[in-house]
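The chain contents come next:
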Amino acid sequence: MAGNRVRVVLPSVPVREASLAGLKEQMRSASRAKAQAEAVRARAAAEYSRRLGQKAAERTLREESGQSPNGSRVEVEVAKKLKDLPRTKKAFEDGEITFGHTKIIANAAGRVEVDERELVDRAKKEPVDVFARTAREHEQQKSEDGGLSKLEAQRRARKAGIKTDPTDGMTVLWGRFDPITGTRIKNILTAKTNQLWREEDPRERPSTEQRMADALAELLCRPGGDKKGRKSGMPRTDLLLIAHYDTGEQKIRDATLADGTPIPIALFKDMACQGKVVPAIFDTKGRPLWVGLGKRLATPAQRLALIARDRRCVGCGADPAWCQAHHVIPWEADGPTDIDNLVLLCSRCHHQVHDERWQIRQTPTGKHVLQPPSSRHRPPLPLKTPKRRERQRKRSPG
């Protein structure tokens, strides 16, 4: 049986004795070894399935790995698809990409004819969550009908359920929805969650998860009123659709939801005519063709433009529903409330800027990023300019 064993070589320096570079290398080496070991298991599962069938392979994999039935099924299915994806298989076996990357490529290849070389190259450079968006965009571009068939398949695959957890008697809700329906649900749920936060006693705040559970319960059980039965307006929610206008070809292209999920152009044009749907059109260089004008706070139009441009918190990637519009040049230093001086930041990253002196930087491509402070001291704000003094004089009583 010795010939069936896999030997894994990892750095052996104790972590307390390792340098930061050494610790980084241990994490990298362990991650690579994990991927190689998973590739060996997947290869064995695929051969087991060829000999005895998929169900037998799933059952055996579950017994030997301790995975859930669903996890074992997914792994066997992905392993079988790798016979038609040589580049993906080699990168996986060499530990250059994870099982997560491999699953994304295999599933995309099952729906459209992908450029495997391009996807594998991107997978080697991007974490799984970022690569998932890359693969979705790639799949949209390769789709013969602009993604309509995929969207219809997603809609047909919708499902939801409700059950009682036998361990504690709690009721559990779950559901799977196509991206457009899912975005609508997320928008209304986060809007209601934010509404509850504003109405709470700051001294007795529940956790975010508890607040979201309360929001869902109110939406389902009291859609027309508050806890006392009084009428209360539903929070306003808009579905933001984003596209680019190619002036050379005189047509709209690259339509997406606010989080970057691609949608068919035909559907974009149809939905842009519906109520509570806000279309945001950009030029081919990614500059918004319209921006809002604001005063101290960003206007609703500017916030929508920020969501369309930044997609998420520029620091940690948090969902835009949990982000605020932040002035890159502070308002106190005459920083204008203009789209070019605003970025999306979640509450945590906002505190890093104001309390820990983190800084917003713009890359050569125009993308904004959050970086640690370059020094322990934040540069002082500039002296009040004539413009600032004049603005203060106008606001002063008398």
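Residues numbered from 1 in each chain as written. Predicted model: local features only at pLDDT ≥ 70, side-chain atom pairs only at ≥ 80, totals over all residues. Heavy atoms only, no water.

(A) Quick peek at helix α1 (residues 20-52). Helix length check: α1 (33 residues) gives 48 Å between terminal C-alpha atoms against 48 Å at 1.5 Å per residue, within 8%. The set of residues buried in α1 consists of Gln 26, Ser 29, Ala 33, Ala 35, Glu 38, Ala 39, Ala 42, Ala 45, Ala 46 and Ser 49. If you follow the buried residues of α1, they end up packed against α2 (54-65), α3 (69-81), α4 (86-93) and α5 (99-109). (Helix = DSSP H or I, 4+ residues; strand = E, 2+ residues; numbered from the N terminus. Expected span 1.5 Å × (residues − 1). Buried < 20%, exposed > 50% of the residue type's maximum accessible area, 1.4 Å probe, protein only. Contact = heavy atoms within 4.5 Å.)

(B) Representation of the packing of aromatic side chains. Applying the stated rule across the entire model yields one aromatic pair. Seen from their ring centres, Phe 92 and Phe 99 are 6.2 Å apart, and the 45° between their planes marks the pair as tilted. This pair shows no difference in class: Phe 92 is buried, exactly as Phe 99 is. (Phe/Tyr/Trp six-rings, centres within 6.5 Å; stacked < 30°, edge-to-face > 60°.)

(C) Local environment of the pattern of salt bridges. Going through the model one piece at a time under the given rule, you end up with 20 salt bridges. Put simply, Glu 152 and Arg 155 hold a salt bridge, and the shortest N to O gap is 3.4 Å. Taken as a pair, Glu 152 and Arg 155 lie in helix α8 (residues 148-156) at a separation of three residues, close to a single helical turn. Judged by its relative accessible area of 27%, Arg 155 is partly exposed. (Salt bridge = Lys/Arg side-chain N within 4 Å of Asp/Glu carboxyl O.)

(D) Here's a closer look at the environment of His 326. The topology assignment puts His 326 in strand β6 (residues 323-327). Each C-alpha atom of the pair His 326 and Thr 337 lies 9.1 Å from the other, and the pair is eleven residues apart in sequence. Leave out the neighbours within four places in its chain, and His 326 touches Asn 341, Leu 342, Val 343, Leu 345, His 350, Val 353, His 354 and Ile 360. At 3.1 Å, the side chain of His 326 and the side chain of His 350 are in polar contact. (Polar contact = N/O pair within 3.5 Å; in protein donor to acceptor, adjacent residues only side chain to side chain.)

(E) Layout of unusual backbone geometry. One non-glycine residue, Arg 311, adopts positive backbone phi at about 70°. Inspection of the secondary structure assignment puts Arg 311 in the loop between α12 (300-310) and β6.

(F) Seen up close, the environment of Leu 257. In this structure, Leu 257 sits in strand β4 (residues 251-257). In sequence terms Leu 257 and Thr 183 are 74 residues apart; their C-alpha atoms lie 8.1 Å from each other. The contact partners of Leu 257, leaving out residues within four places of it in the chain, are Pro 179, Ile 180, Thr 183, Leu 239, Leu 240, Leu 241, Ile 242 and Ile 263.

(G) Geometry of helix α9 (residues 179-199). For α9, which comprises 21 residues, the first-to-last C-alpha distance of 30 Å matches the rise-based estimate of 30 Å (1.5 Å per residue) to within 8%. Within the span of α9, buried status applies to Ile 180, Thr 183, Asn 187, Leu 189, Thr 190, Ala 191, Lys 192, Thr 193, Gln 195 and Leu 196. Measuring from the side-chain oxygen of the N-cap residue of α9 to the backbone nitrogen of Ile 180 gives 3.1 Å; that N-cap residue is Asp 178.

(H) How the structure looks around the nonpolar core. Formed by 24 residues in total, the largest nonpolar core has its most connected members in Phe 92, Ile 105 and Phe 131. Of all elements in the fold, only α1, α3, α4, α5, α6 (116-125) and α7 (128-142) reach the threshold of two or more residues within this core. When residues in this core are grouped by element, the largest group, five residues, is from α5. Phe 131 has contacts with His 101, Ile 104, Ile 105, Leu 119, Arg 122, Ala 123 and Glu 126, leaving out every residue within four places of it along the chain. Grouped together as the second largest cluster of nonpolar side chains are 21 residues, Leu 306, Val 314, Val 343 and Cys 346 included. (Core = buried A, V, L, I, M, F, W, Y, C linked by side-chain atoms within 4.5 Å.)

(I) Expanded view of the confidence of the model for the protein chain. Scored by pLDDT, the protein chain has a mean of 80; 78% of the residues are at 70 or more. When pLDDT is averaged over each element of the protein chain, α4 comes out on top at 96 and helix α14 (residues 386-395) at the bottom at 44. Throughout residues 290-294 the model reports pLDDT below 50, and contacts reaching past four residues in sequence, or to other chains, amount to 15 contacts. Throughout residues 375-398 the model reports pLDDT below 50, and contacts reaching past four residues in sequence, or to other chains, amount to 19 contacts. (pLDDT = per-residue confidence, 0-100.)

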